[in-house]
Amino acid sequence: SGQERGQRGCEHYDRGCLLKVTPSMDSSLTSFRQAPCCDKLYTCRLCHDNNEDHQLDRFKVKEVQCINCEKIQHAQQTCEECSTLFGEYYCDICHLFDKDKKQYHCENCGI
């Protein structure tokens, strides 16, 4: 993912965590285009998609890794170990973490 320890974000987003991309456990996936994911850490779904041959479903992100203490934990706004703020704005539905409230990405969260 090219992420250095302690570096905030990427060219797309300013955030204090990496998304943990885990293999899909959904047995209903029958399309070859919906390949199981790769069990890697990426700063954002766009960085993931630019480096893999499949797309990240951000709605299925369940865990993140703090860029400061490296603890892997449930996706949330603040690190449970060291209190690093992962994103000033956070949506628990689509797992967007960012500093600016520029995007309108999710009908239900209103961010």
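Residues numbered from 1 in each chain as written. Predicted model: local features only at pLDDT ≥ 70, side-chain atom pairs only at ≥ 80, totals over all residues. Heavy atoms only, no water.

The name recorded for the protein chain in an unreviewed UniProt entry is Ring finger and CHY zinc finger domain containing 1, from Homo sapiens.

The subject of this paragraph is the side chain of Thr-84. Tracing the backbone shows Thr-84 in the loop between strand S4 (72-74) and strand S5 (89-90). On the basis of relative accessibility, which here comes to 10%, the residue Thr-84 falls in the buried class. Ignoring sequence-local partners within four residues, the contact set of Thr-84 consists of Arg-8, Gly-16, Cys-66, Asn-68, Gln-77, Thr-78 and Cys-79. (Helix = DSSP H or I, 4+ residues; strand = E, 2+ residues; numbered from the N terminus. Buried < 20%, exposed > 50% of the residue type's maximum accessible area, 1.4 Å probe, protein only. Contact = heavy atoms within 4.5 Å.)

Enumeration over the complete set of coordinates arrives at zero disulfides. Lacking any disulfide linkage, Cys-82 is separated from the closest cysteine sulfur, that of Cys-66, by 3.6 Å. Residue Cys-82 is classed as partly exposed on the basis of its relative accessible area of 33%. (Disulfide = S-S within 2.5 Å.)

Take unusual backbone geometry next. Phi at Asp-39 is positive, roughly 55°, even though this residue is not glycine. Relative to the helices and strands, Asp-39 resides in the loop between strand S1 (17-21) and strand S2 (40-42). Even without being glycine, Ser-83 reaches a positive phi, approximately 70°. Mapping Ser-83 onto the fold places it in the loop between S4 and S5. Overall, the relative accessible area of 55% leaves Ser-83 in the exposed class.

Summarising the sheet, S1 and strand S3 (residues 63-66) pair through four bridges and their orientation is antiparallel. Paired with Leu-19 across the bridge in S3 is Val-64. Sheet topology note: the S3/S4 ladder contains three bridges and is antiparallel. Within S4, the residue paired with Glu-63 across the bridge is His-74. Hairpin connection, S3 to S4: the antiparallel pair is bridged by five residues, and Glu-70 has positive phi, about 70°. (Pairing = 2+ DSSP bridges.)

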